[in-house]
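# Architecture and fold: a report
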Amino acid sequence: MNTKDENDQGLLWEVFVQAKPGIPHKHAGSVHAHDAEMALASARDVYTRRREGTSIWVIPSHMITATTEADSESFFDPADDKAYRHPTFYTVPEGVKYL
Amino acid sequence: MSTEEALFQYLIRLGDNALILGQRLGEWCGHAHQLESDIALTNVALDQIGQARNLLTEAGRIEGKGRTEDDLAFFRSEMEFRNNLLVEQDNGDFAQTIARQYLFDVFQFHLLTELSRSSNEFLEAFAKKSLKEVSYHRKLSSDWMLRLGDGTEESHNRLQQAIDILWPYTAELFEMTEADKVLMELDMVPDLKLIEQKWQAEVPSHLEESRIRIPDTKGYMARGSRDGHHTEYLGYILAEMQALPRSMPEAKW
Amino acid sequence: MTTDIKEMERRFQEKIDSGLKIEAKEWMPENYRKQLIRMISQHAHSEIVGMLPEGNWITRAPSLRRKAVLLAKVQDEAGHGLYLYSAAETLGIDRQTMINQLLEGKAKYSSIFNYPTLSWADIGAIGWLVDGAAIVNQTMLARGSYGPYSRAMVRICKEESFHNRQGYEIIYGLANGSPEQKQMAQDALNRWWWPSIQMLGPSDAQSKNSEETMRWKIKVESNDTVRQRFIDRTVPQAHAAGLSIPDPDLKFNEESGHWEIGEIEWTEFYQVIKGHGPCNHKRMQARQKAENEGKWVREAAAAYAKKQKSRQQIAA
C-alpha cells in the first residue's frame with residue numbers, strides 16, 4: 001500500500017452502508033481521510049446525502065484481505081458438486097409436508 | 001413592541017445568520033483542500049440555506065405584508081440585515097472558516113437546544129429539526145479545531161491567528177434587544193445570558209485542548225449588528241448576492 | 001510457470017465477449033488498464049473542473065431555491081469526481097498522482113468547461129445541455145466492461161437525473177419570462193449548443209482510440225451514435241421551450257426519424273483542447289490554488305492523526 005499517500009490525500013477507506021435497519025451493510029465506495037473520524041464523517045457526507053443509510057462502517061482499504069483471481073478455481077469450484085447441501089437434492093415422499 | 005413585531009425581528013435575526021453564513025460557505029464550493037471537504041462544507045452551507053428559507057418565510061408570514069423569503073433575502077439593504085458580525089467575516093483560509101464555524105456552531109447548538117422548548121410552535125418545530133443538523137456541524141468543526149490547532153506548527157499558527165481575528169465578534173452573539181425581552185416573557189425564546197454561560201463552559205476548554213489561547217482584547221469587543229451596523233464585508237456580500245434579482249425586480253426565476 | 005500472454009488475452013476477450021465484468025484484481029492487458037486510467041481520470045478531472053463555471057453562480061443565484069439547488073448540484077459533481085477517482089484508484093494509480101497530472105497539464109478534462117458562464121441562463125444551459133450530453137454518454141459507459149467504472153457510472157447517472165431537469169426548468173422558465181429573460185436563454189443556447197455537441201468526442205472517422213476501446217467494451221457505442229441520441233432528445237426540448245437551435249442546416253429526416261445537424265466546426269474544438277479556450281488558464285489557476293492552499297491543511301490532518309496514534313499506543 002501507498003504510505004507516502006498519507007501526507008497528501010490521506011489513507012483510502014472503504015465505506016459500507018446499511019440502507020435500513022436489519023439488513024446487511026453493503027459496499028458503497030471509498031473516501032480519503034487522515035483518521036477514522038474524518039473517514040466516517042466524509043462517508044456520511046458523500047454516500048448518504050440522499051438518505052441512503054442508517055449505519056456506516058469504514059475500514060482502511062489496505063486492511064482488507066481478498067481472494068485473487070488465481071485462487072478463484074480452487075476456492076469456489078469445489079462447491080459446485082456438493083448439491084447435497086441444498087434441500088432440492090432430496091426427494092420427499094408424496095403427501096409428506098413441512099420438510 | 002407587539003409580539004408579532006418582536007417575533008419578526010427575532011426570525012429575521014436567525015434567518016440572516018443562516019443566510020449569510022450559508023452564502024459565505026457557498027464561496028468555498030470547488031476550492032477546498034480535498035474533495036471530501038468540498039462536500040462537507042457544501043453540506044453545512046445547504047443546511048444553513050435551508051434554515052434561512054424556513055425562517056425568512058415565517059418572518060414574512062408573521063409580518064403579514066406578503067413578503068416572501070426571496071423578497072426578504074434580495075430586497076433588503078445592508079442596514080436592514082440583522083445577522084451577527086461573526087458570520088459575515090470573510091472565509092480567509094480554511095483555519096479562519098473553521099474557527100468562524102466552530103464559534104458559531106456552539107452558539108447555534110445551545111440556542112437551538114433551548115428553542116426546541118419554545119412555546120412558539122414554529123420555533124419549537126424549527127429548532128428540533130435544525131438541531132440535528134447543527135449537532136453534526138458542531139462535531140465537524142470541533143474535530144477540525146483539534147486537527148488544526150494540534151496538527152503542524154503552520155496549522156496551529158493559522159488557527160491561532162483566526163481566533164485572534166474572530167474573537168472580538170463573539171460577544172454580540174449574546175446581546176439582547178427589546179424583542180428578546182418581549183419574547184422571553186412569553187417563554188418563546190431563551191435568555192441569551194444562559195446561552196452565553198453554556199458557550200463559555202464549552203469553548204475555552206475546547207480551545208485549550210486545541211492548544212489555542214484566547215486573545216486578550218483588552219476589553220474591546222465589537223458590536224453593532226443589532227442596530228444594523230455591520231462590518232464592511234456585508235455590503236460586498238449583498239452586492240454580489242442581490243445584483244441579479246434587483247436588476248430585474250419583476251422577473252420570476 | 002509462464003502462461004502464454006496470448007492465451008491470457010484470449011481468455012480476457014472471451015470474458016468480455018460473454019458480457020462478464022472485469023474486476024480490479026483480475027488480470028487485464030496493460031493497455032486496457034492504461035486506457036481505463038486515461039478515460040476515468042479524465043472523466044474525474046472533468047467533474048472537478050466542471051464545478052468551477054457553475055460554482056461561479058452559487059453566490060449570485062437569483063432565488064434561495066435556486067441557490068440551494070445549485071449548491072446541491074455542484075456538490076454532486078464533487079461526489080462524482082470522488083467516485084471516479086476511486087474507480088481509477090482500483091487500477092493502481094493514487095488520487096494525488098492523478099491530481100498532479102492534471103495540474104502539470106499531462107491529463108485532459110472535458111474542454112467544455114473552458115467556456116465561461118456569462119449569465120444566469122448559462123447555469124440552465126449547463127444542466128440542460130452539458131449534463132444532458134453527459135447523461136447520454138454515461139448511460140452508455142455504465143454498460144462498459146470494467147466493474148468499478150461501470151458501478152460508478154450507475155450511481156452517477158442516478159444522481160444526475162435531477163441536474164438535467166433543473167437545468168431545463170431554468171431555461172424553460174427564462175424562455176417563457178420577460179423578453180430580456182428570453183433573450184438570455186436564447187443567447188445561452190447559442191453559446192452552449194455546439195460545445196455540447198462536440199463534447200461527445202471527435203467523429204468516429206477521426207477518433208484514434210475507438211477500435212480498441214470498443215473491442216474491450218470500455219465504450220459500447222461510438223461517439224457519433226451517442227451524439228445522435230443526444231441531438232434527437234434535445235432538439236424537441238428546445239422547440240418546446242420556444243427556443244431555436246443555432247444551426248441553419250438543422251432538419252428532420254422523416255425517413256430515418258433523426259434530426260440531422262450541419263457540419264461540426266472542429267477547429268475550435270481542437271483549439272480549446274490545446275489550451276486556447278476562453279477559460280483554460282483561469283480553470284487551471286483555480287485548481288492549482290486549491291491544491292497549493294490546501295497542502296498545509298492536509299499536512300495538519302496527517303500530523304494530527306499521527307500524534308493521536310502514538311498517544312493511543314502510549315496509553316495502551
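## Comments concerning the interface of chain B and chain A
Taken together, the contacts link 11 residues of chain B with 15 residues of chain A. Here chain B meets chain A over a buried area of about 1100 Å², counting both sides, of which 47% is carbon and sulfur. Considering only the surface of chain B that becomes buried against chain A, B:Gln34, B:Glu36 and B:Tyr136 emerge as the three largest contributors, covering 49% of it. On inspection of chain B and its partner chain A, the count reaches two salt bridges. B:Arg147 is paired through a salt bridge with A:Asp35; the nearest N and O atoms lie 2.8 Å apart. Inspection of the region where chain B meets chain A yields seven residue pairs in polar contact (both at pLDDT 80 or more). Contributions of two or more residues to the side of chain B that touches chain A are made by α2 (35–63) and α6 (121–149) of chain B. Top contributing element to the side of chain B that touches chain A by residue count: α6(B), with six residues.

## Some details on the packing of aromatic side chains
Residue and element names in this part refer to chain C. With the rule as written, the count across this model stands at 25 aromatic pairs over all chains. Between Tyr-32 and Trp-216, the ring centres sit 5.7 Å apart and the planes meet at 85°, which makes this aromatic pair edge-to-face. Here Trp-216 lies in the loop between α8 (210–215) and α9 (223–240) and Tyr-32 lies in helix α2 (residues 30–55), a separation of 184 residues in the sequence. What makes Tyr-32 buried here is its relative accessible area of 0%. Relative to Phe-269, the ring of Trp-266 lies with its centre 5.1 Å away and its plane at 80°, an arrangement referred to as edge-to-face. Here Phe-269 and Trp-266 lie together in helix α10 (residues 266–276), a separation of three residues that amounts to about one turn. Looking at Trp-266, the relative accessible area reads 14%, which means it is buried. Exposure remark for Phe-269: the relative accessible area of 7% places this residue in the buried category.

## Describing the sheet that holds strand β2 (residues 26–33) of chain A
Residue and element names in this part refer to chain A. Strand order in the open sheet formed by three strands is β2-β1-β3, and the pairing between neighbours is antiparallel. Edge positions in the sheet fall to β2 and β3 (55–60), since each of these pairs with one other strand and no more. Each adjacent strand pair in this sheet contributes to an overall mean axis angle of 30°, direction not counted.

## Describing a nonpolar patch on the surface
All names here are of chain A. A cluster of nonpolar side chains, Tyr-84, Phe-89 and Tyr-90, forms an exposed patch at the surface whose accessible area comes to about 350 Å². Here Phe-89 shows up in the segment after α2 (72–76). By relative accessible area, which is 46% here, Phe-89 ends up partly exposed.

## So, helix α1 (residues 5–17) of chain C
All names here are of chain C. Taking 1.5 Å as the rise per residue, α1 with 13 residues should run 18 Å; its terminal C-alpha atoms sit 18 Å apart, in good agreement. Taken as a whole, α1 has its buried residues at Phe-12, Gln-13, Lys-15 and Ile-16. Down the axis of α1, the smallest arc covering the buried residues is 155°, so these residues share one side. For α1, the elements touching its buried residues are α2 and α8. Downstream of α1 by a residue or two, Gly-19 has a phi angle that is positive, lying close to 85°.

## Points about the interface of chain C and chain B
Opposite the 44 residues of chain C that make contact, chain B presents 47 residues. Buried surface at the junction of chain C and chain B, summed over both partners, amounts to about 3800 Å²; 68% is from carbon and sulfur atoms. Considering only the surface of chain C that becomes buried against chain B, C:Thr59, C:Leu64 and C:Trp296 emerge as the three largest contributors, covering 21% of it. On inspection of chain C and its partner chain B, the count reaches three salt bridges. Between B:Asp150 and C:Lys307 there is a salt bridge, with the nearest N and O atoms lying 3.1 Å from each other. On the surface where chain C and chain B come into contact, there are 14 residue pairs in polar contact (both at pLDDT 80 or more). Only α2, α3 (64–89), α7 (179–199) and α11 (280–315) of chain C provide two or more residues apiece to the side of chain C that touches chain B. Per-class residue counts for the side of chain C that touches chain B are 26 nonpolar, seven polar and 11 charged.

## What to know about a negative patch on the surface
There is a patch of like negative charges on the surface, built from C:Asp249, C:Glu263, C:Glu265 and C:Glu268. Mapped onto the fold, C:Glu265 is located in the loop between β2 (258–260) and α10.

## As for the packing of α2(C) against α3(C)
All names here are of chain C. Interaxial distance between α2 and α3 falls to 8 Å at its minimum, and their mutual angle equals 165°. Here α2 lies roughly antiparallel to α3, going by the angle between them. Crossing of α2 over α3 shows left-handed handedness. Counting all contacts with α2, which are made through Ile-40, His-43, Ala-44, His-45, Glu-47, Ile-48, Met-51, Glu-54 and Gly-55, the residues of α3 involved are Leu-70, Lys-73, Val-74, Glu-77, Ala-78, His-80, Gly-81, Leu-84, Tyr-85, Ala-87 and Ala-88.

## Some words on the nonpolar core
Counting 192 residues, the largest nonpolar core has B:Leu148, C:Tyr32 and C:Trp120 as its most contacted members. If we ignore the near neighbours within four places in the chain, the residues touching C:Tyr32 are C:Phe12, C:Ile16, C:Ile22, C:Ser145, C:Tyr146, C:Trp216 and C:Ile218.

## Concerning the state of the cysteines
Per the stated rule, a full pass over the model turns up zero disulfides over all chains. For the unlinked cysteine C:Cys279, the closest cysteine sulfur is that of B:Cys29, found at 17 Å.

## What to know about unusual backbone geometry
Unusually for a residue other than glycine, A:Arg51 sits at a positive phi of about 55°. Inspection of the secondary structure assignment puts A:Arg51 in the loop between α1 (36–47) and β3. Of the residues examined, A:Arg51 reaches a relative accessible area of 80% and is grouped as exposed. In this structure, C:Lys217 takes a positive phi of about 55° despite not being glycine. As for its placement among the helices and strands, C:Lys217 is situated in the loop between α8 and α9.

## Digging into the pattern of salt bridges
Throughout the structure, instances matching the rule amount to 53 salt bridges over all chains. Of the charged contacts in the structure, one is a salt bridge between A:Arg44 and A:Asp45, with a shortest N-O distance of 2.7 Å. Residue A:Arg44 is classed as partly exposed on the basis of its relative accessible area of 29%. Note on A:Asp45: relative accessible area 1%, which makes it buried. Between B:Arg67 and B:Glu63 there is a salt bridge, and its shortest N-O distance comes to 2.7 Å. For B:Arg67, a relative accessible area of 27% translates into the label partly exposed. Counted as one network, the salt bridges with shared partners bring together A:Arg49, A:Arg50, A:Glu52, C:Asp76, C:Arg155 and C:Glu159.

Rules and cut-offs
- Residues numbered from 1 in each chain as written.
- Chains lettered and ligands numbered in written order.
- Predicted model: local features only at pLDDT ≥ 70, side-chain atom pairs only at ≥ 80, totals over all residues.
- Heavy atoms only, no water.
- Contact = heavy atoms within 4.5 Å.
- Buried area = accessible area lost by both parts, 1.4 Å probe.
- Salt bridge = Lys/Arg side-chain N within 4 Å of Asp/Glu carboxyl O.
- Polar contact = N/O pair within 3.5 Å; in protein donor to acceptor, adjacent residues only side chain to side chain.
- Helix = DSSP H or I, 4+ residues; strand = E, 2+ residues; numbered from the N terminus.
- Phe/Tyr/Trp six-rings, centres within 6.5 Å; stacked < 30°, edge-to-face > 60°.
- Buried < 20%, exposed > 50% of the residue type's maximum accessible area, 1.4 Å probe, protein only.
- Pairing = 2+ DSSP bridges.
- Axes fitted to C-alpha atoms, helices over the stretch in contact; angles between N-to-C directions.
- Patch = residues over 30% accessible without salt bridge, like charges linked within 9 Å, V, L, I, M, F, W, Y side chains within 5 Å.
- Areas by Shrake-Rupley, 256 points an atom, 1.4 Å probe, with all protein chains shown as cover.
- Expected span 1.5 Å × (residues − 1).
- Arc of directions from axis to C-beta.
- Nonpolar A, V, L, I, M, F, W, Y, C, P; charged D, E, K, R; others polar.
- Lys, Arg positive; Asp, Glu negative; His and termini not counted.
- Charge placed at Lys NZ, Arg CZ, Asp CG, Glu CD.
- Parallel < 35°, antiparallel > 145°, perpendicular 65-115°, else oblique.
- Left-handed = near helix turned anticlockwise from the far one by under 90°.
- Core = buried A, V, L, I, M, F, W, Y, C linked by side-chain atoms within 4.5 Å.
- Disulfide = S-S within 2.5 Å.

Structural measurements only, silent on function.
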